[in-house]
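Listed below, chain by chain, are the residues.
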2 protein chains.
Amino acid sequence: MLDETPVAGGGLLHRRTLLRAGLGLGGAMGAGAAFGQSLATPPSMRVPGAGFSAYGQPAQWRGDIVREYADVQTPPIAGASRTPLHRLEGTITPNGLHFERHHNGVPNIDPAQHRLVIHGMVRQPLSFDLDALHRYPMVTHNRFIECGGNSGGLSRPEPAQATAGSIHGLLSCAEWTGVPLAILLEEAGLDPEAHWLIAEGADGAGMSRSVPVAKAMDDAVIALYQNGEPIRPEQGFPMRLLLPGFEGNANVKWLHRLKAVAAPVHTRDETSKYTDLMADGRARQFVLQYGAKSVILKPSFGLSMRGPGLYEISGLAWSGAGRVAKVEISADGGQSWAEAALGDPVLPKALTRFRLPWRWDGAPAVLMSRATDEAGNTQPARAEWMAQFAPGQFYHCNVIQCWAVDANGEVSNVYV
Amino acid sequence: MLDETPVAGGGLLHRRTLLRAGLGLGGAMGAGAAFGQSLATPPSMRVPGAGFSAYGQPAQWRGDIVREYADVQTPPIAGASRTPLHRLEGTITPNGLHFERHHNGVPNIDPAQHRLVIHGMVRQPLSFDLDALHRYPMVTHNRFIECGGNSGGLSRPEPAQATAGSIHGLLSCAEWTGVPLAILLEEAGLDPEAHWLIAEGADGAGMSRSVPVAKAMDDAVIALYQNGEPIRPEQGFPMRLLLPGFEGNANVKWLHRLKAVAAPVHTRDETSKYTDLMADGRARQFVLQYGAKSVILKPSFGLSMRGPGLYEISGLAWSGAGRVAKVEISADGGQSWAEAALGDPVLPKALTRFRLPWRWDGAPAVLMSRATDEAGNTQPARAEWMAQFAPGQFYHCNVIQCWAVDANGEVSNVYV
């Protein structure tokens, strides 16, 4: 029934193999005394349940699935909270768990007073309120957003023993709906010499980024809805700039102003941060589009294995360049690789779930995932990536994450 | 720039037409005194914002976007809450707003104690706890769930003046992740004579449905995750049966038992309800798979138009048979039709967003949408649908929804 011919070292099976318990899964329990107990009427069937709710919340039993953050009580509140990727499944991040990155906290904006202004090098400056934007055509797409500092911890000399969410959780994916920016810019009439836009948020930091007009005219969106409902305060209510595949803070939240200019203006937020210091002492700016990237979430640090047998390895892959073309998995520290199954459909600039069956023999193993995107970009090994940069540079880190599984099934973060 | 050649009566434009303000949109405001006000520093930029949160919530300004339900305080709590479709965008329903249908309230189930049992006509009865299920391969897909009673209000003699959410909101769509049921059934070893399963929930109603084995072996899933996070209590925590495209209550929530049997057992929940009484006095049972269906949400009752000009008509379409093949829109009460643009990609058994530009001339108009699925099913007119049934039968209603727009831009529910 099951073709267990290994497709790579360490017990990796073909991606179309389905697991069967008869082959040693050991998860299900057959008939017997304890089985009889399983058929007993559960207590929940003996009492009426709770009533309806206007806006539902997660199960109390899963109240520990939360964003991780350092508790800063004194303004300015600058920092981040992280999505607990290792506790989630599928590809969508529920709105309550989308990562946050603030430079002066979450502003409380009255949507009736909010305006989006397009000005600068345009034929006709324009101001839009929310009602006006709602008459424009909208588009809906799943898109990931990733902070430019995500996974930067892997640049440290020693591998942090931390969860996948803690290391890689400045990453989320939602179904975003909004108005294509190109339509608004065509209406304003861009000067042919206007090659950049300054995008400014209405938060206490006045967070600002220079955005290439080419991107604005391509697939940029004034996002008004996140997973179907109005965008959340932490994600920019009442509107944010969405630049699919571009680093997080360029997707300016609480967007209130787009000024057309000839050249980038080197705002504080694109010079003091999000700039890569290279090995030769030069600085690389405007590293906007993400490369190919992936991370195994099951198993990962904190999620231990329970004895030898069949498991599903699964995780997330993505690329700022478009679709993920393939994800390869190694269970022997990179000596051999097998191709994982990808979710159907694979969407561009969205998180893609990959899965591969694995028969773990109980011996120590090192798991790695390596994504390649449709543009041909492949995720680099850590040493290869590190060699480009000055010590301490950690932005835009897309190195291969390696997880070591020991004989007890405990998982740790390792550099290979 | 804009080809405004009408493609059907009443001002419908081609689905690839983009709206431009210069052509009468009137949404944007040009330069002037009020424009200068738009460029003033908003109050939110003068103060620091709020801090991080473990699990985020919607903006306070949108606290009125909630599920609609009759407040029942006395058990048994049986009824439904509805998704406010007319206030949402895109295709995903955020978990807090997924519709609810309970037959005795929402049970509070300790996931560590919960078991899924497969028994009856099987070679090997099996019991699974949550940990065991997590070792199996999983699949992730967007799927709609719709109550068998949804839209039944359109069978009443007079059209209810109510929102789209109130009429059609027993409908939601999420990204569901879980274990394919076929894998578990193969492991249990179904008797070849077992053609049905009894699926029972662990709620106070013991909600039970007979499910064809053919469906269980096709695309049924034991769903554990909803939009990335563990399934919500109202949707079946810790697990529900997901039968893509089948009527809502067959997707049994709080699933704890699947018993393989030879024939359907005619449970209370499939005989007292969800059965169609036909015009000739016979009853049609096990009407499980939904036909083609659609509803225009913008504009719709309660969302009035603000003067003549260009608008985007948008709404949702779906089918239990697979993908939506096309959605046609009429602005003249069904005399002429134009094809709407569909979201990309169109996913099977998931909600599909459709959109079409419309130049409203300010005269009264009747808007209709008509979905056709890839199996060739087309949404029927109300009179055609009603003719099949005995008076009062309202289940599985997929008739064309008609919205009348009057000269003031007010929208009402009409039968055409």
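Our structure's up above, just so we're on the same page.
Because the structure is predicted, anything quoted here is derived from the model rather than measured. Along each chain, residues carry numbers from 1 onward, in the same order as the chain's sequence is written. For naming, the first written chain is A and the first written ligand is 1, with later ones following in the order written. Thresholds applied to this predicted model are a pLDDT of at least 70 for local features of residues and 80 or more for the giving and counting of side-chain atom pairs; totals over whole chains, interfaces and linings are not thresholded and use all residues. Only hydrogens and water are removed before side-chain values are computed, so all heavy atoms of the structure are retained for them.

Novice: Please clarify how the overall build of chain A should be interpreted in this entry.
Specialist: Going along the chain from the N terminus, every DSSP run of H or I of four or more residues is numbered as a helix, and every run of E of two or more is numbered as a strand. Scanning chain A for helices and strands turns up seven helices and 24 strands. The globule rule puts the C-alpha radius of gyration for 416 residues at 22 Å, and the 24 Å found for chain A is close to it. When checking whether two residues touch, look at their non-hydrogen atoms; a contact exists if any pair is within 4.5 Å. Excluding contacts between residues fewer than 6 apart, the proportion of contacts in chain A whose partners are at least 24 apart in sequence is 73%. Residue burial considers only the protein chains on display, and all accessible areas are found by Shrake-Rupley using a 1.4 Å probe. Approximately 14400 Å² of chain A is accessible, and the part contributed by carbon and sulfur atoms is 53%. Across chain A, the mean location of the 36 positive side-chain charges is 2 Å away from that of the 39 negative side-chain charges. This radius of gyration counts C-alpha atoms alone. The globule rule is 2.2 Å times how many residues there are, raised to the power 0.38. Just so you know, the count uses Lys and Arg for positive and Asp and Glu for negative, and it drops His and the chain ends. Charge placement uses NZ in Lys and CZ in Arg. For Asp and Glu, CG and CD serve respectively.

Novice: Is there a simple way to think about the interface of chain B and chain A in this case?
Specialist: The figure often quoted for interface size is the accessible area lost as the parts come together. Listed as interface residues are 119 residues of chain B and, on the opposing side, 118 residues of chain A. Only one rule defines a salt bridge in this text: a Lys or Arg side-chain nitrogen within 4 Å of an Asp or Glu carboxyl oxygen. The interface formed by chain B and chain A contains zero salt bridges. Among the elements that take part in the side of chain B that touches chain A, strand 17 (residues 309-319) of chain B stands out by supplying four residues, more than any other. Each residue receives one of three labels: charged for Asp, Glu, Lys and Arg, nonpolar for Ala, Val, Leu, Ile, Met, Phe, Trp, Tyr, Cys and Pro, and polar for the others, Gly being one of them. Tallied by class, the residues present in the side of chain B that touches chain A amount to 59 nonpolar, 36 polar and 24 charged.

Novice: Mind showing me how you'd approach the state of the cysteines here?
Specialist: Where two cysteines share a covalent bond between their sulfur atoms, that bond is called a disulfide. The disulfide definition used here is simple: a pair of cysteine sulfur atoms within 2.5 Å. Across all of its chains, the model carries zero disulfides over all chains by this definition. Take C147(A): it sits in no disulfide, and the sulfur closest to it among the cysteines is that of C397(A), at 12 Å. Its sulfur unpaired, C173(B) is 14 Å from the next cysteine sulfur, which belongs to C173(A).

Novice: I keep staring at the relation of the copies chain B and chain A and nothing clicks. Help me out?
Specialist: One copy of the chain maps onto the second through a rotation about an axis and a displacement along it. Here the copies are superposed with least squares, the fitted atoms being C-alpha atoms of residues at a pLDDT of at least 70 in both. Superposition record for chain B on chain A: RMSD 0.0 Å, screw rotation 180 degrees, translation along axis 0.0 Å. Such a combination of turn and shift is consistent with a two-fold rotation axis. No C-alpha of chain B lies nearer the rotation axis than that of P94(B), which sits 3.7 Å from it. A share of 99% of interface residues in chain B that are also interface residues in chain A marks the association as one of identical surfaces.

Novice: When you look at the pattern of salt bridges in this model, what are you seeing that I'm missing?
Specialist: Two side chains of opposite charge can pair, provided their charged atoms sit close to one another. This model, assessed by the stated rule, comprises 40 salt bridges over all chains. Across the salt bridge formed by E247(A) and R209(A), the nearest N and O atoms sit 3.0 Å from each other. Of the two residues, E247(A) is situated in the loop between strand 12 (240-242) and strand 13 (255-261) and R209(A) in strand 9 (residues 208-212); the sequence distance between them amounts to 38 residues. A salt bridge links D276(B) to R284(B); the shortest N-O distance between them is 3.3 Å. By relative accessible area, which is 0% here, D276(B) ends up buried. Salt bridges linked by common partners bring E89(A), K298(A), E312(A), R353(A) and R355(A) together as one network. Only protein chains enter the area calculation, which uses a 1.4 Å probe; residues under 20% of their type maximum are buried, those over 50% are exposed, and those in between are partly exposed.

Novice: Help me understand the sheet that holds strand 24 (residues 411-414) of chain B in this model?
Specialist: Either a parallel or an antiparallel arrangement is found when strands of a sheet pair, and the pairing is made through backbone hydrogen bonds. Residues and elements named next belong to chain B. Here the rule is simple: two strands pair whenever DSSP picks up at least two bridges between them. An order of 19-18-22-23-24 is seen for the five strands of this open sheet, with the pairing classed as antiparallel. Among the strands making up the open sheet, the edge pair consists of strand 19 (338-339) and strand 24. By the bridge criterion, four bridges tie strand 23 (residues 402-405) to strand 24 in an arrangement that is antiparallel. When the sheet's bridge partners are listed, W403 is paired in strand 24 with N413.

Novice: Is there a simple way to explain the sheet that holds strand 4 (residues 116-120) of chain B in this structure?
Specialist: All names here are of chain B. The strand order across the open sheet built from five strands is 5-4-13-8-9, with neighbouring strands paired in mixed fashion. Edge positions in the sheet fall to strand 5 (126-128) and strand 9 (208-212), since each has one partner strand and no second. Looking at each pair of strands side by side, their axes are set apart by 20 degrees on average, direction ignored. Here strand 8 (residues 196-201) pairs with strand 13 (residues 255-261) via six bridges, running antiparallel. Bridge pairing in strand 13 places E200 opposite R257. Every axis corresponds to a line fitted to the C-alpha atoms, with the helix fit spanning only the stretch in contact, and the corresponding angles, defined between N-to-C directions, vary from 0 to 180 degrees. Strands strand 4, strand 5, strand 8 and strand 13 of the sheet are contacted by helix 4 (residues 181-188), whose axis makes an angle of about 140 degrees with strand 5.

Novice: I'm lost on the nonpolar core in this one. Help?
Specialist: One broad trend across soluble globular proteins is that nonpolar side chains are buried collectively. All names here are of chain A. Formed by 45 residues in total, the largest nonpolar core has its most connected members in L12, V327, I329 and W358. Listing elements by their share of this core, those giving two or more residues are helix 3 (164-168), strand 7 (171-180), strand 16 (292-298), strand 17 (309-319), strand 18 (324-330), strand 21 (352-360), strand 22 (365-373) and strand 23 (402-405). Among the elements that line this core, the one with the most residues is strand 17, at five residues. Discounting chain neighbours no more than four positions away, the residues touching V327 are A317, A338, E339, A340, L342, F354, S369, R370 and A371. In these notes, a set of buried Ala, Val, Leu, Ile, Met, Phe, Trp, Tyr and Cys residues joined through side-chain atoms within 4.5 Å is what counts as a nonpolar core.

Novice: For this particular structure, what's the right way to read unusual backbone geometry?
Specialist: Glycine aside, a negative phi is what most residues show, and trans is what most peptide bonds show. Residue P76(B) is bonded to the preceding P75(B) through a cis peptide linkage, with omega at -5 degrees. Cis geometry is adopted by the peptide bond preceding P345(B), which originates at D344(B) and carries an omega value of 0 degrees. Along the chain, P345(B) falls in the loop between strand 20 (341-342) and strand 21 (352-360). The backbone of H266(A) shows a phi angle near 55 degrees, a positive value even though the residue is not glycine. Note on placement: H266(A) falls in the loop between strand 13 and helix 6 (268-271).

Novice: Explanation requested: the packing of aromatic side chains in the structure shown.
Specialist: To describe a pair of aromatic rings, one takes the distance between the centres and the angle between the planes. Residues and elements named next belong to chain B. The pairing test for Phe, Tyr and Trp rings, Trp by its six-membered ring, is centres within 6.5 Å, and the orientation test on the planes gives stacked under 30 degrees, edge-to-face over 60, and tilted for anything in between. Under the definition given, this model contains 15 aromatic pairs over all chains. The interplanar angle of 40 degrees and the centroid separation of 6.2 Å between the aromatic rings of W358 and W360 together place this pair among those described as tilted. Take W358: its relative accessible area is 0%, and that puts it in the buried class. Taking relative accessible area as the criterion, W360 reaches 2% and is therefore assigned buried. With centroids separated by 4.6 Å and ring planes inclined at 55 degrees, the aromatic side chains of W385 and F389 adopt a geometry described as tilted. Here W385 matches F389 in class, with each residue buried.

Novice: Would you take a moment to explain the environment of N150(B) for this structure?
Specialist: Residues and elements named next belong to chain B. One can find N150 in the loop between strand 6 (139-146) and helix 3 (164-168). Here the alpha-carbon distance between N150 and C397, two residues 247 residues apart in the chain, equals 6.9 Å. Each residue touching N150, except ones within four places of it in the same chain, is listed here: I167, H168, G169, L170, L171, K293 and C397. The term polar contact refers here to a pair of N or O atoms within 3.5 Å; inside protein, the definition further demands a hydrogen-donor-capable atom paired with an acceptor-capable atom, and it admits residues adjacent in sequence only when both atoms are side-chain atoms. Here the side chain of N150 touches E146 through a polar contact of 2.9 Å, side chain to side chain. A distance of 2.9 Å separates a polar atom in the side chain of N150 from the backbone oxygen of H168.

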